[in-house]
Amino acid sequence: MQISATAANSSFSCGQVFSARQFSSGADLPVHEEIGMPSLSPTMTEGNIARWVKKEGDKVSPGEVLCEVETDKATVEMECMEEGYLAKIVCGDGAKEIKVGEIICITVEEEGDIEKFKDYKASSSASAAPPAESKPQSEPAEPKEEKKEPSKAPEPKATKTEESGDRLFSSPVARKLAEDNNVLLSSLKASVAKDTKKEASAAPGLGYVDLPNTQIRKVTANRLLQSKQTIPHYYLTVDSRVDKLIKLRSELNPLQDASGGKKISINDLVIKAAALSLRKVPTCNSSWMNDFIRQYHNVNINVAVQTEHGLFVPVVRDADKKGLATIADEVKQLALRARDNSLKPSDYEGGTFTVSNLGGPFGIKQFCAIVNPPQSAILAIGSAEKRVIPGAEGQFEVGSFMSATLSCDHRVIDGAIGAEWLKAFKGYIENPTTMLL
């Protein structure tokens, strides 16, 4: 029996399901198939079982959903490709941190074979993911070498002093403190660093609750940490007058209402302006690939959406070629699926640039976003505010201004190129009718 993910398509070639056909053994088990945790995204190493749609003993047919898997990016349905029976669920509802390739269920071809798997337990060797099996095999000799010098390991770990025969070991800090306070090191005992986790959990007078991290939260944390540690960020900010943009939106939305379309938001106009700016300055639509820089022909804009499940970044593909009405409709549909935790990999993969807006929803004036690797730039949009500015003939007028900050990967985008992109973006925002040409 073969299993597939409904979200997998031709552009998502990394998805694979581990399964193996087993024949009768000493335990008189009939021919069966062990289905492993699938790899449903390029960065997925483990997943959770959100829930089983089928129960043990149920017949499964091609196209039917077997279970829902919570990956590192979204919750994805697994479908059956062949007929059979679900004989045993090895990892039940809510099972967490299941390694890719680890057995999650058993299927059989004959209904009469189901009962024989009532007490089935996956072997430790069968439960391991195939990619992980090769790692321990390549390191059997290393522990033997480490045993040759056991006495040298404790030296750097001593925080104060450590005696070995007549010799006294101490760190530079310990020696300095002892000298400043006229204390003999020989009168001190070595101390060992305490477990900070146990200390924190046992701290008196603190009330707290430990919230389990979802897969999306873990992956977001790891990717953002990797981004800040490995990508040389720099930031460029520009203020754009948005009076004409607001006026254009007020003129277009009645037409949208009359045609039954979705209302166009300021963020939709920002996405369109960003896409056109990327077409004008394609260097910002690139990725650092170590030996070369990959410049994309497609302009696919990821849009940051905050949900109770975590931060999602669904993608609007070819945003530079789409009209405002189409962008508005797609963004609202993607945001709805993100909040329902029903995004498919095709809904968020393949982005080349990201837009994050904390101005409209939260009133944040200005902020610096973290680059979303492997992309090289992300645009942070702040709120619009009214300002008094000089007008014609010595008079003053009131204008609305919006802050936009571009975070760049300096390996790909030089400062002048980032400034050129922001100049193009500002031009579209302050003269929005040019986006319609």
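Everything that follows concerns the structure shown earlier in this document.
Here goes a summary of the coordinates provided. (Residues numbered from 1 in each chain as written. Predicted model: local features only at pLDDT ≥ 70, side-chain atom pairs only at ≥ 80, totals over all residues. Heavy atoms only, no water.)

The secondary structure content of the chain amounts to 12 helices and 22 strands. Here the analysis covers contacts within the chain between residues at least 6 apart in sequence; of these, 64% occur between residues at least 24 apart. Carbon and sulfur atoms provide 52% of the accessible area of the chain, an area that totals close to 24600 Å². (Helix = DSSP H or I, 4+ residues; strand = E, 2+ residues; numbered from the N terminus. Contact = heavy atoms within 4.5 Å. Areas by Shrake-Rupley, 256 points an atom, 1.4 Å probe, with all protein chains shown as cover.)

So, on to the nonpolar core. It is characteristic of soluble globular proteins that their nonpolar side chains tend to be buried jointly. Grouped together as the largest cluster of nonpolar side chains are 52 residues, with contacts concentrated most on I301, F353, L379, W421 and F425. By residue number, the principal contributor to this core is helix α8 (residues 266–280), which donates eight residues. Filtering out sequence-adjacent residues up to four positions away, F425 remains in contact with V270, A273, A274, S277, L379, I381 and A404. Core analysis: the next-biggest nonpolar cluster, separate from the first, contains 21 residues, I35, W52, C91 and I104 among them. (Core = buried A, V, L, I, M, F, W, Y, C linked by side-chain atoms within 4.5 Å. Buried < 20%, exposed > 50% of the residue type's maximum accessible area, 1.4 Å probe, protein only.)

At their nearest, the axes of α8 and helix α12 (residues 415–430) sit 9 Å apart, and the two run at 135° to each other. Relative to α12, the element α8 lies oblique. Relative to α12, α8 is oriented so that their crossing is right-handed. On the side of α8, the interface is formed by V270, A273, A274, L276, S277, L278 and K280, while α12 contributes W421, A424, F425, Y428 and I429. Classifying every residue of the contact of α8 with α12 by side-chain character gives 10 nonpolar, one polar and one charged. (Axes fitted to C-alpha atoms, helices over the stretch in contact; angles between N-to-C directions. Parallel < 35°, antiparallel > 145°, perpendicular 65-115°, else oblique. Left-handed = near helix turned anticlockwise from the far one by under 90°. Nonpolar A, V, L, I, M, F, W, Y, C, P; charged D, E, K, R; others polar.)

What follows concerns the pairing of strand β6 (residues 65–70). Along β6, six of the six residues are buried, which leaves the element largely enclosed by surrounding structure. Pairing geometry for strand β4 (residues 46–52) and β6, over four bridges, is antiparallel. Across the sheet, the residue bridging to W52 is C67, located in β6. (Pairing = 2+ DSSP bridges.)

A contiguous nonpolar patch, built from V388, F396 and V398 and spanning about 340 Å² of accessible area, is present on the exposed surface. In this structure, F396 sits in strand β22 (residues 396–409). (Patch = residues over 30% accessible without salt bridge, like charges linked within 9 Å, V, L, I, M, F, W, Y side chains within 5 Å. Salt bridge = Lys/Arg side-chain N within 4 Å of Asp/Glu carboxyl O.)

Right, let's get into unusual backbone geometry. The step from P373 to P374 runs through a cis peptide bond, and the omega angle for that step is 10°. A positive phi angle is found at E97, which is not glycine, with a value near 55°. Looking at the element boundaries, E97 is found in the loop between β8 (84–89) and β9 (98–99). Of note in the backbone geometry, D318 takes a positive phi value of approximately 50° without being a glycine.

Taken as a whole, this structure holds three aromatic pairs when the rule is applied. Their ring planes at 55° and their centres at 5.8 Å tell us that F117 and Y120 sit as a pair that is tilted. A residue is classified by how much of its surface remains accessible, and Y120, at 12% relative accessible area, is buried. Ring geometry for W421 versus F425: centroids 5.4 Å apart, planes at 10°, classification stacked. (Phe/Tyr/Trp six-rings, centres within 6.5 Å; stacked < 30°, edge-to-face > 60°.)

Here we come to the sheet that holds strand β16 (residues 301–303). Sheet architecture is open: six strands sit in the order β13-β22-β21-β20-β16-β19, paired in mixed fashion. Two strands lie at the open edges of the sheet, namely β13 (233–241) and β19 (315–316), each paired on one side alone. Summarising the sheet, β16 and β19 pair through two bridges and their orientation is antiparallel. The partner of I301 across the bridge, within β19, is V316. Where α8 meets the sheet, it contacts β16, β20 (353–357), β21 (377–390) and β22, and its direction lies at approximately 150° from that of β20. Along the sheet, α12 contacts β13, β20, β21 and β22; its crossing angle with β13, the most-contacted strand, is approximately 25°.

Turning to the environment of D93, a few remarks are in order. With respect to the element layout, D93 can be found in the loop between β8 and β9. For D93, a relative accessible area of 53% puts it in the exposed group. The sequence separation of D93 and I49 amounts to 44 residues, and the corresponding C-alpha distance is 5.7 Å. Sequence-distant contacts of D93, defined by excluding residues within four places in its chain, comprise I49, A50, R51 and W52. One polar contact links the side chain of D93 to the main-chain amide nitrogen of W52, over a distance of 2.7 Å. (Polar contact = N/O pair within 3.5 Å; in protein donor to acceptor, adjacent residues only side chain to side chain.)

This part takes up the pattern of salt bridges. Enumeration over the complete set of coordinates arrives at 15 salt bridges. Put simply, R279 and D320 hold a salt bridge, and the shortest N to O gap is 3.6 Å. Of this pair, R279 sits in helix α8 while D320 sits in the loop between β19 and α9 (324–339), placing them 41 residues apart in sequence. Judged by its relative accessible area of 6%, D320 is buried. The partner of E385 in a salt bridge is K365, with the nearest N and O atoms 3.9 Å apart. Placement of E385 in strand β21 and of K365 in the loop between α11 (359–362) and β21 is noted, with a sequence separation of 20 residues between them. Look at the salt bridges and you will find they share partners, linking D239, K365, E385 and R387 into a network.

An α-helical turn contains 3.6 residues, so a residue and the one three or four places further along point in the same direction. Between its terminal C-alpha atoms α12 stretches 22 Å, which fits the 22 Å expected from 16 residues at 1.5 Å a residue. Restricting attention to buried positions, one finds in α12 the residues G418, W421, L422, A424, F425, Y428 and I429. Within α12, the buried residues cover an arc of 160° as seen down the axis, which keeps them to one side. Exposed side of α12, more than 90 degrees from the buried face: A416 and K423 are the residues found there. In the core, the buried residues of α12 are packed alongside β13, α7 (243–259), α8, β20, β21 and β22. (Expected span 1.5 Å × (residues − 1). Arc of directions from axis to C-beta.)

Note that every value here comes from positions in space, so none of it alone points to a role or purpose.
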